[in-house]
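Chain by chain, the residues run as shown.
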Amino acid sequence: MFCSHLLRQLQACARRQSPSQGKELHAQIIKTGLEQCPPLPNNIIDMYGKCGLLQDALHLFDQLPHRDPISWASILTAHNLANLPHLTLSIFPSMFTLDRLQPDHFIFATLVKACASLAALKQGKQVHARFILSSLPGDDVVKSSLVDMYAKCGLPNEARRVFDLISLKNSVSWTAMISGYARNGCNLDAVELLKAMPVKDLSSWTALISGLVQNGDEIDALCIFMEMRKDEIHIRDPFVLSSIIGGAANLAALEIGKQLHCLVIVLGYESSVFVSNALIDMYAKCSDILAAKYIFDNICQKDVVSWTSIITGAAQHGQAEEALTLFDEMVSTGLKPNEITFVGLIYACSHVGLVSKGRYLFDSMIKDFGISPNLKHYTCLLDLLSRSGHLTEANNLIKTMPFEPDEATWAALLSACKRHGSTQMGVSVANHLLSLKPQDPSTYILLSNTYAAAGMWDSVSEVRKVMAGMVRKKEPGYSCIDLGKETLVFYAGEASLPVKDEIFGLLKELDTEMRKRGYVPDTSFVLHDLEQQEKERQLFWHSERLAVAYGLLKGVPGTVIRVVKNLRICGDCHTVLKLISSIVEREIVVRDANRFHHFKDGRCSCSDFW
DNA sequence: GTAGGGTTAG
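Residues numbered from 1 in each chain as written. Chains lettered and ligands numbered in written order. Predicted model: local features only at pLDDT ≥ 70, side-chain atom pairs only at ≥ 80, totals over all residues. Heavy atoms only, no water.

1. What about the overall build of chain A?
Rules: Put simply, DSSP H or I for four residues or longer makes a helix, DSSP E for two residues or longer makes a strand, and each gets a number counted from the N terminus. Only heavy atoms matter for contacts: two residues are in contact if any of them lie within 4.5 Å across the pair. In short, Shrake-Rupley with a 1.4 Å probe defines the accessible areas, and a residue's cover is counted only from the protein chains shown. Within this scheme the basic residues Lys and Arg register as positive and the acidic residues Asp and Glu register as negative, but His and the chain ends are omitted. Each charge is placed at NZ for Lys, CZ for Arg, CG for Asp and CD for Glu.
Scanning chain A for helices and strands turns up 33 helices and six strands. If one aligns the C-alpha atoms of chain A with their principal axes, the spans along those axes are about 95 × 55 × 45 Å. Considering only contacts within chain A whose residues lie at least 6 apart along the sequence, 61% involve residues at least 24 apart. Here chain A has roughly 29500 Å² of accessible surface; of this, 54% comes from carbon and sulfur atoms. Averaged over its 61 positive side-chain charges, chain A has a centre that lies 2 Å from the centre of its 65 negative ones.

As structure tokens, this is what we get:
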């Protein structure tokens, strides 16, 4: 009787996830002498796991004289909950060797989940095989977990094969499969499956929308979100909101982002930390760093993602001191930074040339916070060193770091070689880069200019040939401007331009004023073989200039002009926009494929390096 | 005691 009362209390405590009450309850159970009375021990392990007290769970688990499959399921789940799926898989074999027990369907599902979160296909297949050979291959819950595992390993067709074998599909099975399709770019299959679902619930819509966002199909995600609103689905939890706000962030679509923020308020989800974190990131990526800070300041329970989002936001906007101050504040509140926090911090340092501070943070991350650096950390560090002229050190780093450098890593080094006039190293880096068959058009400009500077004309023409072959396949450069009442997309060149004459007139007028102030067009950013005058004409019609001109003509006077460009901004446009910002005394913010540029009073927040 | 849908990265 007393035992069942304690059992209920344990379960309630696990649901509330209250560690202090849990410990108290355990102490009470020890006092009553019922500690070994089944089923209490397994429930205590489960409670500790759900309250985030893995060490306490393990301590009790190790002391148990008689462990059963439930004890094992509880301790394995505790490891999954603590975000340690690797340990879930590595302690599992002791179930045979130590206790001579066989896994049941609960344990299979837990193991598959661990494989899914690690995207560990090989181990996932091993668990799948063992499940088929076990005496319980018909369990639908395990099958749903397998659907998710195959989807997360990038095999939606494998996932579908298992999905079709589920005898009684519930909301979880459908959601796993829809999410799997959407995440892997099978948008039509995902939409079709949602339509085929007998009872569509909020989870299935959320799975579709967030999968599309994760796969970079934000426009599709927004369309589906509007369809969901039309269907009058009750948004009973904020999952879908944080997803779709992330979509607006990736598109740098400020007006849509603001509307979603309104929806958050209307639906009463302002207090969700997930939503607030997504809003911080959205406003930062939409270049409204003040709004991002406002959201951040108003979060009651800031977590590591809140801090990392605002630190990264400040860093991307060139506010390095602010980012470093925020970091100190974060540490003083007792929160532990994660690996992403350090990417933001080193990035911040590299943009203002704080070399020793950046190096210090890199070392401190390893020594003081026990975080081992990944490729992004090395790329940031390399960027920091090479930007500030430590080219030899940077070159050594790229050769000795324990990761294979990718296009962005080499391009960062090459860009620094160019800036610091190191032709010899530039050529050797360019050769590496070219052999990687780069995807980014601006990489080709960089390569061509490097070879041209070294007088290697054969290599220049080779670069141009490769470039000409791929340019038709690549997305053309464009710039968007959002004026609230309308959003316009401008492509380079003068064809089919709205208010063409007015734009031409304004740009011409500005060009005259710029030349008075010493502007000479830098045609090294034009890759095609053209006469000087024609090259200048090409620059004149670059999409970012058209968008800015339109903003000056049609936007509310005095407001910030915000432009989003899909490629990197060209060097000549960078010079031009600096000049324009001082001539017209307006702040212009351009978000290009890589970073933000705040042009104000003739200067840019990126310190002329991008 | 098990499975799905949410935020941060050059």
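There is more to say, and it comes next.
2. Thoughts on the nonpolar core
For clarity, the cut-off: Note on terminology: a nonpolar core comprises buried Ala, Val, Leu, Ile, Met, Phe, Trp, Tyr and Cys residues joined through side-chain atoms within 4.5 Å. Each residue gets one of three labels from its accessible area relative to the maximum for its type: buried under 20%, exposed over 50%, partly exposed in between, using a 1.4 Å probe on protein chains only.
Grouped together as the largest cluster of nonpolar side chains are 154 residues, with contacts concentrated most on F225, M228, L241 and L447. In terms of residue count, helix α8 (residues 105-118) provides more of this core than any other element does, eight residues in total. Other than its neighbours up to four places away in sequence, L241 contacts F225, I235, L263, V264, L267, Y269 and V275. Counting 36 residues, the second-largest nonpolar core is a separate cluster that includes L506, V526, A547 and L577.

3. Some points on the pattern of salt bridges
Our working definition: Here, a salt bridge means any side-chain nitrogen of Lys or Arg that lies within 4 Å of a carboxyl oxygen of Asp or Glu.
Going through the model one piece at a time under the given rule, you end up with 21 salt bridges. The partner of D148 in a salt bridge is R183, with the nearest N and O atoms 3.8 Å apart. Of the two residues, D148 is situated in helix α10 (residues 140-152) and R183 in helix α12 (residues 171-183); the sequence distance between them amounts to 35 residues. Owing to a relative accessible area of 22%, R183 belongs among the partly exposed residues under this scheme. One salt bridge in this structure joins R160 and D164, with 3.0 Å as the shortest N-O distance. Of the two residues, R160 and D164 are both situated in helix α11 (residues 156-164); the distance of four residues between them amounts to about one turn of the helix. When its relative accessible area of 28% is taken as the criterion, R160 is described as partly exposed.

4. A word on the side chain of R545
The cut-off we apply is this: We call two N or O atoms a polar contact when they sit within 3.5 Å, provided that within protein one can donate a hydrogen and the other can accept it, with sequence-adjacent residues counted only if both atoms are side-chain atoms.
Take R545: it is sitting in helix α32 (residues 543-554). Judged by relative accessible area, which is 5%, R545 ranks as buried. A polar atom in the side chain of R545 sits 2.6 Å from the side chain of D572. Other than its neighbours up to four places away in sequence, R545 contacts L507, Y519, L539, F540, D572, C573 and V576.

5. Examining the protein's contact with DNA strand B
Definition in use: The rule for a residue being near a molecule or strand is that one of its heavy atoms must lie within 4 Å of it. Residue polarity is assigned by list, with Asp, Glu, Lys and Arg as charged and Ala, Val, Leu, Ile, Met, Phe, Trp, Tyr, Cys and Pro as nonpolar; anything else, Gly included, falls into the polar class.
Lining the immediate environment of DNA strand B, one finds 59 residues, of which D104, N170, S203, Q214 and N277 sit closest. Counting only atoms of DNA strand B within 4 Å of the protein, the sugar-phosphate share comes to 44%. A distance of 3.2 Å separates a phosphate oxygen of DNA strand B from a polar side-chain atom of Q316. A distance of 2.9 Å separates a base nitrogen of DNA strand B from a polar side-chain atom of D406. The dominant element in the surface near DNA strand B, judged by the number of residues it contributes, is helix α14 (residues 202-214), at six residues. In terms of residue class, the surface near DNA strand B is made up of 18 nonpolar, 28 polar and 13 charged.

6. Some words on the pairing of strand β4 (residues 588-591)
Rules: Only strands that DSSP links by at least two bridges are regarded as paired with each other. Handedness of a crossover: with both strands directed away from the viewer, a clockwise path from the first strand across the helix to the second marks it as right-handed.
Burial along β4 is two-sided: I588 and V590 and V589 and R591, pointing in opposite directions, are all buried. In this structure, strand β3 (residues 561-565) lies alongside β4, joined through four bridges in parallel fashion. Among the inter-strand pairings, I561 is bridged to a residue of β4, identified as I588. Each parallel crossover has a hand, and the one from β3 via helix α33 (residues 571-583) to β4 is right-handed. Strand direction decides the pairing type here: β4 and strand β5 (residues 596-600), joined by four bridges, are antiparallel. Residue I588 lies in a different strand from β5, and its bridge partner there is F599. Between the end of β4 and the start of β5, which pair antiparallel, lie four residues.

7. Examining the packing of helix α30 (residues 500-516) against α33
This is how it is decided: Note on geometry: axes are lines fitted to C-alpha atoms, helical ones only across the stretch in contact, with angles between N-to-C directions running from 0 to 180 degrees. For classification, angles of less than 35 degrees are called roughly parallel, those exceeding 145 degrees roughly antiparallel, those between 65 and 115 degrees roughly perpendicular, and all remaining angles oblique.
At a minimum axis separation of 10 Å, α30 and α33 run at an interaxial angle of 95°. Overall, the two elements α30 and α33 adopt an arrangement that is roughly perpendicular. Residues L510, E513 and M514 of α30 pack against V576, L579, I580 and I583 of α33. Looking at the contact of α30 with α33, its residues break down into six nonpolar, no polar and one charged.

8. Considerations on the UniProt feature "repeat: PPR" (unreviewed entry) in chain A
The criterion, for reference: UniProt positions are given in the numbering used here, feature names are shortened, and annotations may be inferred rather than shown by experiment.
Mapped onto the present numbering, the UniProt feature "repeat: PPR" (unreviewed entry) falls at residues 170-204 and 303-337. Each end of residues 170-204 is marked by a C-alpha atom, and these two atoms are 11 Å apart; helix forms 74% of the span and strand 0%. A distance of 10 Å separates the end C-alpha atoms of residues 303-337, which is 74% helix and 0% strand.

9. Some remarks on the side chain of S242
By the secondary structure assignment, S242 is in helix α16 (residues 239-251). A polar contact of 3.0 Å, which involves the side chain of S242, links it to the backbone oxygen of F239. Here S242 is in contact with F274, V275 and A278, once residues within four sequence places are set aside.

10. Side note on the sheet that holds strand β2 (residues 487-491)
As summarised here, the arrangement of the six strands in space is β2-β1-β3-β4-β5-β6, forming an open sheet in which the pairing is mixed. Either end of the sheet is taken by a strand with one partner, and the two such strands are β2 and β6 (603-604). Helix-sheet contacts for α33 involve β4, β5 and β6, and the interaxial angle to β5 is about 40°.

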